Amino acid sequence: MQPNARLIAYEVLAEVRDSDAYANLVLPSRLRDSGLSAADRGFATELVYGTLRMQGYYDRVIELAAKRDVTSIDPVALVILRLGAHQILSMRVAGHAAVNETVDLQKRVGRQSAVGFVNGVLRALGRREPQEWLDDVLEGLSTDDQRFAAEYSHPEWIIRALRTALRAEGRTDELPTLLAADNIPPLVSLAELPGSPIAIAERIPDDVTLETSNISPIGYTLDGGDPSVVTGPSNGWMRVQDQGSQVAALILSRARGIAEGEQWLDLCAGPGGKSAVLGAEARLGGAHVIANEVVPARANLVRRSILAVQDTVDVVVGDGRTAPERFPDGFDRILVDAPCTGLGALRRRPEARWRKSPGDIPPLSVLQDELVNAAAEALKPGGLLAYVTCSPHRAETRQVVNGLLKKHPELTELSAREVLNGVAPHEVDLGDSDELSVQLWPHRHGTDAMFVALLTKDA
Ligand SMILES: C[S@@+](CC[C@H](N)C(=O)[O-])C[C@H]1O[C@@H](n2cnc3c(N)ncnc32)[C@H](O)[C@@H]1O
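Computed from a prediction, not measured in an experiment: that's the story for all the values here. (Residues numbered from 1 in each chain as written. Predicted model: local features only at pLDDT ≥ 70, side-chain atom pairs only at ≥ 80, totals over all residues. Heavy atoms only, no water.)

Caption draft 1: Summary view of the overall build of the protein chain. Across its full length, the protein chain holds 22 helices and 12 strands. The C-alpha radius of gyration computed for the protein chain amounts to 24 Å, which stays within 12% of the reference 23 Å derived for 459 residues, consistent with globular compactness. Nonlocal contacts in the protein chain, meaning residues at least 24 apart in sequence, comprise 73% of its contacts between residues at least 6 apart. For the protein chain, the accessible surface area stands at approximately 19,100 Å², while carbon and sulfur atoms represent 50% of it. Measuring between centres, the 48 positive side-chain charges of the protein chain sit 5 Å from its 62 negative side-chain charges. (Helix = DSSP H or I, 4+ residues; strand = E, 2+ residues; numbered from the N terminus. Rg over C-alpha atoms; globule rule 2.2 N^0.38 Å. Contact = heavy atoms within 4.5 Å. Areas by Shrake-Rupley, 256 points an atom, 1.4 Å probe, with all protein chains shown as cover. Lys, Arg positive; Asp, Glu negative; His and termini not counted. Charge placed at Lys NZ, Arg CZ, Asp CG, Glu CD.)

And the structure:
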């Protein structure tokens, strides 16, 4: 079958649904072998990501247009209708192209008996303005949570969790802006590892513009295009990395000066983004890093990620919970970038919001507790411990830190906020809170919603 952008988008969406695949892994490999033009590859990417993010909303519109529940619609036709809805309601693809080409897709991959149905629903979608559909969807919904869930295409439990996290800094009014930001693809964010021996600025092509970051002193934003034109010639010193991740590592490395010979541990290192930043910082200060990861394949990703600073970082495979026994000499600084729900990175992982459930939280909280407690034990007196998640869910952030402080009276929380404001090129708006930890946000900072708490152990 001759591929086209819509067919590839359909196949990726079908694989995401049927095999629990990740769109950001499946799509690039499909596009690589597709022979599509750059414009068509961009179109396929927008179709896949946009359709997945807005699936909850599109299903409500499709139900209104089809006058039936989506659960009663043939699964192939439903994916095709969602693709059509995205073109008609959000991409403003010309009506005839959106309808005809999408109906063609149903003819190619779906049941012939459903072609008329798909055609009818898509024509109905195109007969009204997107705002009219939105008004109809919202009609009759009685709570803010229901309305936000519908309009911004998020499950209600995630909306509640995000509101609770914003409430802690007196900013619940920002909730709709945050939900809208989750539906916008992030700009490409880059980090230049400190101490780079390569004059990276001289190797950036003239037609590429890098904006410096307001948050991270080593961060840049690319104005579009392929980041490999910048990262490729840098031998690993310039890399794609969210600016929130960059500062999470820097809050630990720059909380105070580095003493020659310090030993650092990155307890949950895979795939190694923060290990590389810690490695570069440690290298400049005369420290050494052990990057620990429990999954061997992910430890290999860490090995690749730290190539530029491999003289400073050793990668080991092991369960972080056994760190105190494996490393009895202890560490001066430990980063616990714990496995979490990833609710802070919904813009990057378009299917994640539909896969997660509230039931994911309790086992993760237990693991987070165990990891951070192991780190507290492995920390030398006077040492520094950073607890980080890419989730703003309070059960994964503040509650874990409070539990840790309760169990370990020898630990004291330090102001990660002050450290961040000392590190960042500009004052960072962290809301209004007595808490010492940092919560970053996509809508306010342009980063993933990273949480960072900084603690020290009595000397
Ligand atoms: C949030 S990711 C870390 C991201 C990484 N720090 C970076 O910046 O690239 C969490 C990692 O913890 C690992 N992990 C899960 N359970 C672990 C355990 N018991 N011990 C050590 N690592 C674990 C996961 O495999 C995953 O690679």
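Once you've had a look at it, read on.
Caption draft 2: Molecular detail of the site of the ligand. The full set close to the ligand counts 21 residues, and Gly273, Glu293, Arg298, Gly320 and Asp337 are the nearest of them. Within the side chain of Glu293, a nitrogen or oxygen atom sits 2.7 Å from an oxygen atom of the ligand. The contact in question runs from an oxygen atom of the ligand to an N or O atom on the side chain of Arg298, over 2.6 Å. Protein coverage of the free-state accessible area of the ligand, which is 600 Å², stands at 86%. Of all the secondary structure elements, the ones that give two or more residues to the shell around the ligand are helix 15 (273–285) and strand 6 (288–293). Here the residues of the shell around the ligand sort into 9 nonpolar, 6 polar and 6 charged. (Near = heavy atom within 4 Å. Polar contact = N/O pair within 3.5 Å; in protein donor to acceptor, adjacent residues only side chain to side chain. Nonpolar A, V, L, I, M, F, W, Y, C, P; charged D, E, K, R; others polar.)

Caption draft 3: Up close: the pattern of salt bridges. Applying the stated criterion across every chain, the model contains 32 salt bridges. The partner of Glu15 in a salt bridge is Arg30, with the nearest N and O atoms 3.1 Å apart. Highlighted residues: Glu15 in helix 1 (residues 5–19) and Arg30 in helix 2 (residues 23–32), separated in sequence by 15 residues. Overall, the relative accessible area of 28% leaves Glu15 in the partly exposed class. Two residues, Arg111 and Asp74, come together in a salt bridge whose shortest N-O distance is 3.3 Å. One end of the pair, Arg111, is in the loop between helix 6 (95–109) and helix 7 (115–126); the other, Asp74, is in the loop between helix 4 (55–66) and helix 5 (75–91), and 37 residues separate them in sequence. Among the residues examined, Asp74 registers a relative accessible area of 18% and is labelled buried. (Salt bridge = Lys/Arg side-chain N within 4 Å of Asp/Glu carboxyl O. Buried < 20%, exposed > 50% of the residue type's maximum accessible area, 1.4 Å probe, protein only.)

Caption draft 4: Just the sheet that holds strand 3 (residues 219–222), in detail. The strand order across the open sheet formed by 4 strands is 2-3-1-4, and the pairing between neighbours is antiparallel. Every other strand in the sheet has two partners, leaving strand 2 (210–212) and strand 4 (238–240) as the edge strands with one partner each. Within this sheet the neighbouring strands show an average axis-to-axis angle of 35 degrees, counted without direction. Across 4 bridges, strand 1 (residues 188–192) lies against strand 3 in antiparallel orientation. Residue pairing for strand 3: Val188 is matched across the bridge by Leu222. (Pairing = 2+ DSSP bridges. Axes fitted to C-alpha atoms, helices over the stretch in contact; angles between N-to-C directions.)

Caption draft 5: Here's a closer look at unusual backbone geometry. A cis geometry characterises the amide bond from Gly270 onward to Pro271, with omega recorded as 5 degrees. As for its placement among the helices and strands, Pro271 is situated in the loop between strand 5 (263–266) and helix 15. At Arg92, a position not held by glycine, the phi torsion is positive, near 55 degrees. Even without glycine at this site, Ser153 takes up a positive phi of about 55 degrees. Mapped onto the elements, Ser153 comes out in the loop between helix 9 (144–152) and helix 10 (156–167).

Caption draft 6: Molecular detail of helix 16 (residues 296–305). Buried residues of helix 16: Ala299, Val302 and Ser305, and no others. Buried residues of helix 16, viewed axially, fall in a sector of 110 degrees; they line one side. What points out from helix 16, more than 90 degrees from its buried face, is the exposed set Ala297 and Arg304. Contacts made by the buried residues of helix 16 are with strand 4, helix 15, strand 6 and strand 7 (313–317). (Arc of directions from axis to C-beta.)

Caption draft 7: Quick look at the nonpolar core. Tyr10, Val48, Tyr57, Ile73, Leu89, Leu122 and Leu125 are the most contacted members of the largest nonpolar core, which totals 56 residues. Only helix 1, helix 2, helix 3 (38–53), helix 4, helix 5, helix 6, helix 7 and helix 8 (130–138) provide two or more residues apiece to this core. Sort the elements by how many residues they give to this core and helix 5 lands first, with 10 residues. When near neighbours in sequence (up to four residues on either side) are disregarded, Ile73 contacts Ile62, Ala66, Arg68, Leu78, Leu81 and Phe117. Listed in part, the 55 residues of the second largest apolar core include Leu222, Val247, Ala276 and Ala416. (Core = buried A, V, L, I, M, F, W, Y, C linked by side-chain atoms within 4.5 Å.)

Caption draft 8: Focus on the UniProt feature "active site" (unreviewed entry) in the protein chain. Mapped onto this numbering, the UniProt entry annotates "active site" (unreviewed entry) at Cys390. For Cys390, the location among the structural elements is in the loop between strand 9 (379–389) and helix 20 (398–407). Judged by its relative accessible area of 16%, Cys390 falls in the buried class. Beyond its immediate stretch of four places on either side in the chain, Cys390 contacts Cys340, Gly342, Leu343, Gly344, Ala345, Arg349, Ala449 and Met450. (UniProt positions renumbered as here; feature names shortened; annotations may be inferred.)

Caption draft 9: Spatial organisation of helix 14 (residues 243–253). In terms of burial, helix 14 is a largely internal element, 11 of the 11 residues being buried. Every buried residue of helix 14 is listed here: Gln243, Gly244, Ser245, Gln246, Val247, Ala248, Ala249, Leu250, Ile251, Leu252 and Ser253. Capping the start of helix 14, Asp242 holds a side-chain oxygen 2.9 Å from the backbone nitrogen of Gly244, two or three residues further along.

Caption draft 10: Highlighting the domain arrangement of the protein chain. Partitioning the protein chain into structural domains gives domain 1 (5–134), domain 2 (143–182), domain 3 (188–240) and domain 4 (244–457). A C-alpha centroid distance of 33 Å is found between domain 2 and domain 3. (Domains from an automatic or database assignment.)

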